[in-house]
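Here is what each chain is made of, one letter per residue.
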Amino acid sequence: QVQLVESGGGSVQAGGSLRLSCAASGRTFSSYTMGWFRQAPGKEREFVAAIRWTGDRTYYANSVKVRFTISRDDALNTVYLQMNSLKPEDTAVYYCAIAREPWTEATNTRAVGYWGKGSLVTVSS
């Protein structure tokens, strides 16, 4: 059974940093795009960042470019999201996501086959 467990969320002041981790278990995802989505109160879940199975191609939402960095460690079956210069508008539940199929991109919710339970990030002004 596949499980994705996020960690690293919390509360921080504007301008601060947090690092999210997502450890996958139940199967190996070295051939899958891994990424992060977020959902703020009253809003739809939105794409944040993704990293291709090769590790050499990354994708970011315009709102987080330059500030966030996604990375992966296939030996640990883990994906990370380093978040710097956080803003109050980054406040949301952040979800780890893995593509439904191998060797495919996953920058929209329809392409995601596996979800974590979410980790709350709160940024105060």
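Residues numbered from 1 in each chain as written. Predicted model: local features only at pLDDT ≥ 70, side-chain atom pairs only at ≥ 80, totals over all residues. Heavy atoms only, no water.

1. Brief notes about the state of the cysteines
- In the structure shown here, the tally under the stated rule is 1 disulfide.
- What pairs with Cys 22 in a disulfide is Cys 96, and their sulfur atoms sit 2.1 Å apart. Disulfide Cys 22 to Cys 96: torsion about the S-S bond roughly -80°, handedness left-handed. Taken together, the residues span a long stretch of sequence, with Cys 22 in strand S3 (residues 18–25) and Cys 96 in strand S9 (residues 92–99) at a distance of 74 residues.
- On the basis of relative accessible area, Cys 96 is assigned to the buried category, the value being 0%. (Disulfide = S-S within 2.5 Å. Helix = DSSP H or I, 4+ residues; strand = E, 2+ residues; numbered from the N terminus. Buried < 20%, exposed > 50% of the residue type's maximum accessible area, 1.4 Å probe, protein only.)

2. Some points on the pattern of salt bridges
- Applying the stated criterion to the full structure yields 5 salt bridges.
- Between Arg 52 and Glu 105 there is a salt bridge, with its nearest N and O atoms 2.7 Å apart. Residue Arg 52 is located in the loop between strand S5 (46–51) and strand S6 (58–60), and its partner Glu 105 is located in the loop between S9 and strand S10 (112–115); the two are separated by 53 residues in the primary sequence.
- Exposure remark for Arg 52: the relative accessible area of 22% places this residue in the partly exposed category.
- Here the salt bridges do not stand alone but share partners, grouping Arg 38, Glu 46, Arg 67 and Asp 90 into one network. (Salt bridge = Lys/Arg side-chain N within 4 Å of Asp/Glu carboxyl O.)

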